[in-house]
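Descriptive analysis of the structure
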Amino acid sequence: MVAVPKTIAIVGANLAGGRAAQALRANGYEGGIRLIGAEAHPPYERPMLSKEVLLRQCEPERSFLMSEAGWGELGVDLHLGSPVTSLRAADAELELASGVRLSADKVLLTTGGRVRKLEVPGAHLDGVAYLRTIEDSLRIREQLRPGVGVVVIGGGFIGAEVAASARLAGCEVTLLENGPTPLARILGAEIGAALTRVHREEGVIVLTETSVASIEGGSEVTHVITTTGQRIDAALVVVGIGIIPAVELAEQAGLAVDNGVVVDEYCRTSNPAIFAAGDVTNHPNELLGERVRLEQWQNAQNQGAAAARAMVGKKEPFREVPWFWSDQYDLSVQMAGLPGGCDNVVYRGDLESRSFSAFFLRDGVLRAAVAVNRPRDVKRTTPHIAAGAKVDAAQLRDESSDLRAVAA
């Protein structure tokens, strides 16, 4: 029988950490829970920061999992606004930047990631922004006014969503992508091209195989100089070039680290008293047959809960088909599985329209599904991905066929 810890410390008061704390109580854990975060806010969901919050459709408080009072009622001891600076596994002790020291029988690391910084001349100027926190989103939205020049650097999902929100706010938007097609690294070149066409139709200037050489201005941004020599007027530059997993505490504690904190199917690190969940983990995915590190809402939420169950002795392996969504203009993009490494892509619907699906196969086995404004296509094929099923490509392509019955 696994000994139930008297006190659990969760390092990272974010979505993964918050869901873990809730899951501990939901699974009958009655010991102490210390939820520690660098930000001043209680745990919240990040997806709306690049959409609804930027567009003033809601205030950030709507993204909170619970109010601070709610966490108190749940018996969770919040330590906000002061990150953990030291984790001494041998002593079961954590030290915060404030100087406070806390002890715990077990620790859950949900440290997430930090934004990858732009390193070019002028990157320090006022008006250069990154989007990761509530404060970031509020600072950016103050500048999203009709006619304002906005340059978005990076054509991943964050860059695409910010570009869409800025354009909907009436800004003059330029998106820089250093590869041949935005979103291609995630969704493939053809889907990336289809979504890029929508951005251009909506008025975004998309420059590919182009990055930023320098940013100009006195104390504030006035122009962006591209690597191809273009000079673009801008009052705001939003950088979205990815995140770096925050593994510093894990390294300090002597844990195995390789593109994130290495964990097993029960979210256990190389130290049996320390677990990890969320964006920071490199974990095995039995359904995909490989180790992955995912920066997705679903993974953070559900792996956090899975880690909590494991910490109180419920050995349920974490195995899920990754799922992700993105909203851009009137498009709802959903993805299940991971498209990389496939040898065949089958399309259902017209890529020139704003409604189609794509199915990614490897040796006839369905590995991933991507849908634009067709959420049911993803929902109906996710069980096939989970089962590692071989599928009939002709039926996938045929819009009259039932996607629930395409397994060979």
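Before any of the text, the structure's been laid out above.
Computed from a predicted model, the values in this text were never measured in an experiment.

**Regarding the overall build of the protein**
Regarding its fold elements, the protein presents 10 helices and 26 strands. Relative to the 2.2 N^0.38 estimate, which gives 22 Å for 408 residues, the radius of gyration of the protein is 22 Å and therefore close to what a compact globule would have. Referenced to the eigenvectors of the C-alpha coordinate spread, the extents of the protein come out at roughly 65 × 60 × 35 Å. When each of the 408 residues of the protein is scored for burial, the buried share is 55%. Within the structure as shown, the protein displays about 16,900 Å² of accessible surface, and the carbon and sulfur contribution to it stands at 49%. In the protein, the 41 positive side-chain charges and the 50 negative ones have mean positions that sit 4 Å from each other.

**Points about the pattern of salt bridges**
Working definition: two side chains of opposite charge can pair if their charged atoms are close together. For the coordinates displayed, the defined rule picks out 27 salt bridges. For Arg-88, the salt bridge identified is with Glu-93, shortest N-O distance 2.3 Å. Among the residues examined, Arg-88 registers a relative accessible area of 26% and is labelled partly exposed. A salt bridge links Arg-268 to Asp-264; the nearest nitrogen and oxygen atoms lie 2.7 Å apart. Asp-264 gets classed as buried once you look at its relative accessible area, which sits at 19%. Overlapping salt bridges, with partners in common, bring together Arg-197, Glu-201, Glu-202, Asp-330, Glu-352 and Arg-354 in one network.

**Examining the nonpolar core**
Nonpolar side chains in soluble globular proteins tend to be buried together. In this structure, Leu-144, Val-150 and Ile-191 are the most contacted members of the largest nonpolar core, which totals 47 residues. A per-element tally of this core places helix α4 (residues 157–168) first, with 6 residues. Not counting residues within four places of it along the chain, the set of residues in contact with Val-150 comprises Leu-144, Ala-166, Cys-171, Glu-172, Val-173, Thr-174 and Leu-236. In terms of nonpolar packing, the next biggest core, distinct from the first, is built from 30 residues, Leu-15, Ala-20, Ala-306 and Ala-308 among them.

**Brief notes about the environment of Ala-16**
As for its position among the elements, Ala-16 is in helix α1 (residues 15–26). Expressed as a C-alpha distance, the spacing of Ala-16 and Leu-168, which sit 152 residues apart in the sequence, is 31 Å. Each residue touching Ala-16, except ones within four places of it in the same chain, is listed here: Thr-110, Ala-277, Gly-278, Ala-300 and Gly-304.

**Digging into helix α9 (residues 375–387)**
An α-helix turns once every 3.6 residues. As a result, residues three or four positions apart point the same way. A maximum bend of about 35 degrees is found in α9 at Thr-381, where proline Pro-383 lies one to four positions downstream. Residues of α9 that are buried: Asp-377, Val-378, Thr-381, His-384 and Ile-385. Buried residues along α9 sit in contact with β22 (323–328), β23 (331–337), β24 (344–350), β25 (355–362) and β26 (365–372). One or two steps after α9, the chain reaches Gly-388, where phi turns positive at roughly 65 degrees.

**Some points on the environment of Pro-375**
Checked against the element boundaries, Pro-375 lands in helix α9. C-alpha of Pro-375 to C-alpha of Phe-157: the two residues are 218 residues apart in sequence and 18 Å apart in space.

**Observations concerning empty space enclosed by the protein**
This structure, assessed with the given rule, holds 1 cavity of 30 Å³ or more. When its volume is computed, the largest cavity comes out at roughly 40 Å³. His-283, Asn-285, Leu-294, Gln-298, Asn-299, Phe-318, Glu-320 and Pro-322 together form the lining of the largest cavity. Of all the secondary-structure elements, those providing two or more residues to the lining of the largest cavity are β20 (281–285) and α8 (297–311). By residue class, the composition of the lining of the largest cavity is 3 nonpolar, 4 polar and 1 charged.

**Regarding the packing of α1 against α8**
Contact pair α1 / α8: the axes reach a minimum separation of 7 Å and the direction vectors enclose 35 degrees. The handedness of the crossing between α1 and α8 comes out as right-handed. For the pair formed by α1 and α8, the contact residues are Leu-15, Ala-16, Arg-19, Ala-20, Ala-23 and Leu-24 on the first element and Trp-297, Ala-300, Gln-301, Gly-304, Ala-305 and Ala-308 on the second. Taken together, the residues that form the contact of α1 with α8 break down as 9 nonpolar, 2 polar and 1 charged.

**Digging into the packing of aromatic side chains**
Tallied over the full model, the rule gives 4 aromatic pairs. An angle of 50 degrees between the planes, with centres 4.5 Å apart, marks the rings of Phe-157 and Phe-324 as tilted. Residue Phe-157 is found in helix α4, and its partner Phe-324 is found in strand β22; the two are separated by 167 residues along the sequence. Taken individually, Phe-157 and Phe-324 each receive the classification buried, so the pair is uniform in this respect. Across from the ring centre of Tyr-130, 5.3 Å away, lies the NZ or CZ of Lys-117, which sits over that ring.

**Considering the sheet that holds strand β14 (residues 221–226)**
If you trace the 3 strands from one edge of the open sheet to the other, you get β13-β14-β15, paired in antiparallel fashion. With partners counted over all chains shown, the strands left at the sheet margins are β13 (212–217) and β15 (231–233), one partner each. The mean inter-strand angle of the sheet, taken between neighbouring strand axes irrespective of direction, is 25 degrees. Direction of pairing for β14 relative to β15: antiparallel, over a ladder of 3 bridges. When the sheet's bridge partners are listed, His-223 is paired in β15 with Asp-233.

Cut-offs used in this document
- Residue numbers run consecutively from 1 along every chain, following the written order of its sequence.
- At least 70 in pLDDT is required for a residue's local features to be given in this predicted model, at least 80 for side-chain atom pairs to be given and counted, and no such filter applies to totals for whole chains, interfaces and linings, which use all residues.
- Side-chain calculation: all heavy atoms of the structure are included, whereas hydrogens and water are not.
- Numbering of helices and strands starts at the N terminus; helices are DSSP runs of H or I of at least 4 residues and strands are runs of E of at least 2.
- Atoms counted for the radius of gyration: C-alpha only. Globule rule: 2.2 Å times residue count to the power 0.38.
- Burial classes follow relative accessibility: with a 1.4 Å probe on protein chains only, a residue under 20% of its type's maximum area counts as buried, one over 50% as exposed, and anything between as partly exposed.
- Where accessible areas are quoted, they stem from the Shrake-Rupley method and a 1.4 Å probe; at the residue level, only the protein chains shown are allowed to cover.
- When charges are counted, Lys and Arg are positive and Asp and Glu negative, with His and the chain ends excluded.
- Every charge is mapped to an atom, namely NZ of Lys, CZ of Arg, CG of Asp or CD of Glu.
- Each reported salt bridge corresponds to a side-chain nitrogen of Lys or Arg within 4 Å of a carboxyl oxygen of Asp or Glu.
- In these notes, a set of buried Ala, Val, Leu, Ile, Met, Phe, Trp, Tyr and Cys residues joined through side-chain atoms within 4.5 Å is what counts as a nonpolar core.
- Note on contacts: a residue pair is in contact if any heavy atoms of the two residues lie within 4.5 Å.
- Think of it this way: the bend at a residue is just the angle between two axes, each fitted to seven residues, one set ending at that residue and the other starting at it.
- A cavity, in this analysis, means grid points on a 1 Å lattice covering only the protein atoms where a 1.4 Å probe fits yet has no way out; a pocket is instead an open set bounded by protein on both sides within 12 Å along at least five of seven lines, and a residue lines either one if it has an atom within 4 Å of a point.
- Grid points are joined across faces, edges and corners, and a volume is the space filled by probe spheres set on the points.
- Side-chain classes are defined by residue name, with Ala, Val, Leu, Ile, Met, Phe, Trp, Tyr, Cys and Pro counting as nonpolar, Asp, Glu, Lys and Arg as charged, and the others, Gly among them, as polar.
- Axis definition: a line fitted to C-alpha atoms, limited for helices to the stretch in contact. Angles are taken between N-to-C directions and run from 0 to 180 degrees.
- Should the near helix be turned anticlockwise from the far one by less than a right angle, the crossing is termed left-handed; should it be turned clockwise, right-handed.
- A pair of Phe, Tyr and Trp rings is counted when the ring centres sit within 6.5 Å of each other, with Trp represented by its six-membered ring. The angle between the planes then sorts it: under 30 degrees is stacked, over 60 is edge-to-face, the rest tilted.
- Any Lys NZ or Arg CZ that is within 6 Å of a ring centre and within 35 degrees of that ring's normal is treated as a charge sitting over the ring.
- By this definition, two strands are paired if DSSP reports at least two bridges between them.

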